[in-house]
Amino acid sequence: LSTITKEYSWVDRIWSIVPVCYGVWFAYCAGFSNLRVNVMAVLVAAWGARLTFNFARKGGYAKGGEDYRWPILRARLTRWQWELFSLFFIAIFQQALLLAITLPIWRALPGDSPLTPLPLNVFDVIAAVLFVALLVGETVADQQQWNFYEARKAKQARGEEITEPFLTKGLFSLSRHPNFFCEQGQWWALYLFGVAATGVWFHWTLIGAVTLSALFHGSTNFTEEISAKKYPSYADYQKKTSRLMPWFPSK
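On a predicted model such as this, the values are computed, not experimentally measured, just so you know.

Student: What's the story with the overall build of the chain in this structure? I'm lost.
Tutor: Across its full length, the chain holds 11 helices and 0 strands. Put simply, the chain runs from its N terminus to its C terminus through helices and strands in the order α-α-α-α-α-α-α-α-α-α-α. Computed over the C-alpha atoms, the radius of gyration of the chain is 20 Å, within 12% of the 18 Å expected from 2.2 N^0.38 for a compact globule of 251 residues. With the C-alpha coordinates aligned to their principal axes, the bounding extent of the chain is approximately 60 × 45 × 30 Å. Counting over 251 residues, the chain shows a buried share of 44%.

Structural data, given as structure tokens:
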């Protein structure tokens, strides 16, 4: 589809949908009778609903709704380099990652794990509360960002001077990317369910959360590089505000 349409955000368009499908499938495999697996699937579905809504209102599903970073990266690569990047990184690697981040649900399935799943315990409660808290945090951050850019767009339409080109208030005064922080944290919380199910702190399904965090690290570097070039004042914001984990701004 990317090659045919010359739009390279098709994986972005299913990013919030595919993990939900995996979660429902795993719950189905347990006959929708396993409470832990059901809770995990419902939480992933809530994550998917929020992200789908936010992506849709930004025009991600509309024609031409390509991630703004892809044209910039495409201009830096030759045609064959970009096509290889599109095939192996965007299409194949990210699809594998979307499966990997949901595998803690598989790990919790009765009968499909080398270890018999443990009964519900305090780690399940901690994981659920943490996931919901991070989901709320990401929802608030995205809404603050939406409100800011809609207000900025309205000012530009009225011909008013833009004194604040990017968001530095609310959660964005504590972190330059609070939504990124919450997004990654939700999948670490899902991994904690796998720990609750097995009693094993480190098992191979950790690869999903680790790889996602590594992907976000590189993506954040690229995003900040673009912002720093676009807004001269962004360097001051970087000095004052934590990159990812929310923290008090420095003076």
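Student: So what exactly am I meant to see when it comes to the packing of helix 5 (residues 69-76) against helix 10 (residues 206-230) here?
Tutor: Helix-helix packing: each pair is described by the crossing angle between the helix axes and the interaxial distance. Where helix 5 contacts helix 10, the axes come no closer than 11 Å and their chain directions differ by 90°. As the angle between them shows, helix 5 and helix 10 are arranged roughly perpendicular. Between helix 5, through Arg 69, Ile 72, Leu 73 and Arg 76, and helix 10, the contact on the second element is made entirely by Ser 219, Phe 222, Thr 223, Glu 225, Ile 226 and Lys 229. In the contact of helix 5 with helix 10, the residues fall into 4 nonpolar, 2 polar and 4 charged.

Student: What should I look at first to understand the pattern of salt bridges in this one?
Tutor: Side chains carrying opposite charge are able to pair once their charged atoms draw close together. Under the defined criterion, the tally for this structure stands at 14 salt bridges. Among the ionic pairs, Glu 83 bridges to Arg 79, the shortest N-O distance being 3.1 Å. Taken together, the residues span about one helical turn, with Glu 83 and Arg 79 both in helix 6 (residues 79-100) at a distance of 4 residues. The network of salt bridges with shared partners includes Arg 50, Glu 138 and Asp 142.

Student: What's the story with helix 9 (residues 178-198) in this structure? I'm lost.
Tutor: Each α-helix winds once per 3.6 residues, and so residues spaced three or four apart point in a common direction. Along its 21 residues, helix 9 runs 31 Å from first to last C-alpha, staying within 8% of the 30 Å computed at 1.5 Å per residue. Helix 9 sits mainly inside the fold: 19 of its 21 residues count as buried. Backbone geometry just after helix 9 places Gly 199 at a positive phi near 75°.

Student: Can you walk me through the confidence of the model for the chain in this structure?
Tutor: Detail in the predicted coordinates should be disregarded across regions flagged by low pLDDT. For the chain, per-residue confidence averages 93 on the pLDDT scale, and 98% of positions sit at 70 or higher. By mean pLDDT, helix 1 (residues 2-5) is the weakest element of the chain at 86, and helix 4 (residues 35-57) is the strongest at 97.

Student: In this structure, what is going on with the environment of Pro 110? I would like to understand it.
Tutor: Residue placement: Pro 110 occurs in the loop between helix 7 (103-107) and helix 8 (122-158). Sequence separation between Pro 110 and Ser 242 is 132 residues, and the spatial gap between their C-alpha atoms is 41 Å. When sequence neighbours within four positions are dropped, the list of residues in contact with Pro 110 reads Ala 30, Asn 34 and Pro 117.

Student: Which parts of the structure should I look at to understand the packing of aromatic side chains?
Tutor: Given two aromatic rings, their pairing is described by the distance between the two centres and the angle made by the two planes. Considering all chains together, one arrives at 19 aromatic pairs under this definition. Ring geometry for Tyr 8 versus Trp 82: centroids 5.1 Å apart, planes at 80°, classification edge-to-face. Here the residue Tyr 8 occupies a position in the loop between helix 1 and helix 2 (10-14), and Trp 82 occupies one in helix 6, the gap between them amounting to 74 residues. For the pair Tyr 8 and Trp 82, one class covers both residues: buried. With centroids separated by 5.2 Å and ring planes inclined at 65°, the aromatic side chains of Phe 166 and Tyr 234 adopt a geometry described as edge-to-face. With Phe 166 in the loop between helix 8 and helix 9 and Tyr 234 in helix 11 (residues 234-240), this pair connects stretches of sequence that are 68 residues apart. Of the residues examined, Phe 166 reaches a relative accessible area of 8% and is grouped as buried. Positioned above the aromatic ring of Trp 82 is the side chain of Arg 74, whose terminal nitrogen or guanidinium carbon lies 5.3 Å from the ring centre.

Student: Even after reading the chapter, I still don't get the side chain of Arg 13, so can you show me in this structure?
Tutor: As for its position among the elements, Arg 13 is in helix 2. Relative accessible area serves as the criterion here: at 7%, Arg 13 is assigned to the buried category.

Student: Looking at this structure, I do not really get the environment of Tyr 8. What am I missing?
Tutor: On the basis of relative accessibility, which here comes to 3%, the residue Tyr 8 falls in the buried class. For Tyr 8, the contacting residues outside a window of four places in its chain are Ser 2, Glu 66, Trp 70, Arg 74, Trp 82, Glu 83, Ser 86 and Ile 90. A distance of 3.1 Å separates the side chain of Tyr 8 from the side chain of Glu 83, its partner in a polar contact.

What counts, and at which threshold
- Throughout this document, residue positions are counted from 1 along each chain, in the order its sequence is written.
- Side-chain atom pairs in this predicted model are given and counted only at pLDDT of 80 or more, local residue features only at pLDDT of at least 70, and totals for whole chains, interfaces and linings cover all residues.
- As a rule here, side-chain values come from all non-hydrogen atoms in the structure, and water together with hydrogens is ignored.
- Numbering goes from the N terminus for both helices and strands, where a helix is a DSSP run of H or I of at least four residues and a strand is a run of E of at least two.
- It is over C-alpha atoms that the radius of gyration is taken, and the globule rule equals 2.2 Å times the number of residues to the power 0.38.
- Burial here depends on accessible area, computed with a 1.4 Å probe over protein chains only, as a share of the maximum for the residue type. Under 20% is buried, over 50% is exposed, and the range in between is partly exposed.
- Only C-alpha atoms enter the line fits that serve as axes; for helices the fit covers just the stretch in contact. Angles between N-to-C directions range over 0 to 180 degrees.
- Note that the term roughly parallel is reserved for angles under 35 degrees, roughly antiparallel for angles over 145, roughly perpendicular for angles of 65 to 115, and oblique for everything else.
- Two residues qualify as a contact provided that any one of their heavy atoms is within 4.5 Å of a heavy atom in the partner residue.
- Amino acids outside the nonpolar list (Ala, Val, Leu, Ile, Met, Phe, Trp, Tyr, Cys, Pro) and the charged list (Asp, Glu, Lys, Arg) are all regarded as polar, and Gly is one of them.
- One side-chain nitrogen of Lys or Arg within 4 Å of one carboxyl oxygen of Asp or Glu is enough to make a salt bridge.
- Helix span is expected to be 1.5 Å times the residue number reduced by one.
- Values of pLDDT, ranging from 0 to 100, describe the predictor's confidence in every residue of the model.
- Aromatic contacts are taken between Phe, Tyr and Trp rings whose centres are within 6.5 Å, Trp giving its six-membered ring; a plane angle under 30 degrees counts as stacked, one over 60 as edge-to-face, and the others as tilted.
- For a Lys NZ or an Arg CZ to count as sitting over a ring, it must be within 6 Å of the ring centre and within 35 degrees of the ring normal.
- A 3.5 Å cut-off defines polar contacts: any pair of N or O atoms within that distance qualifies, except that in protein one atom must be a possible hydrogen donor and the other a possible acceptor, and neighbouring residues in sequence count only when both atoms are side-chain atoms.

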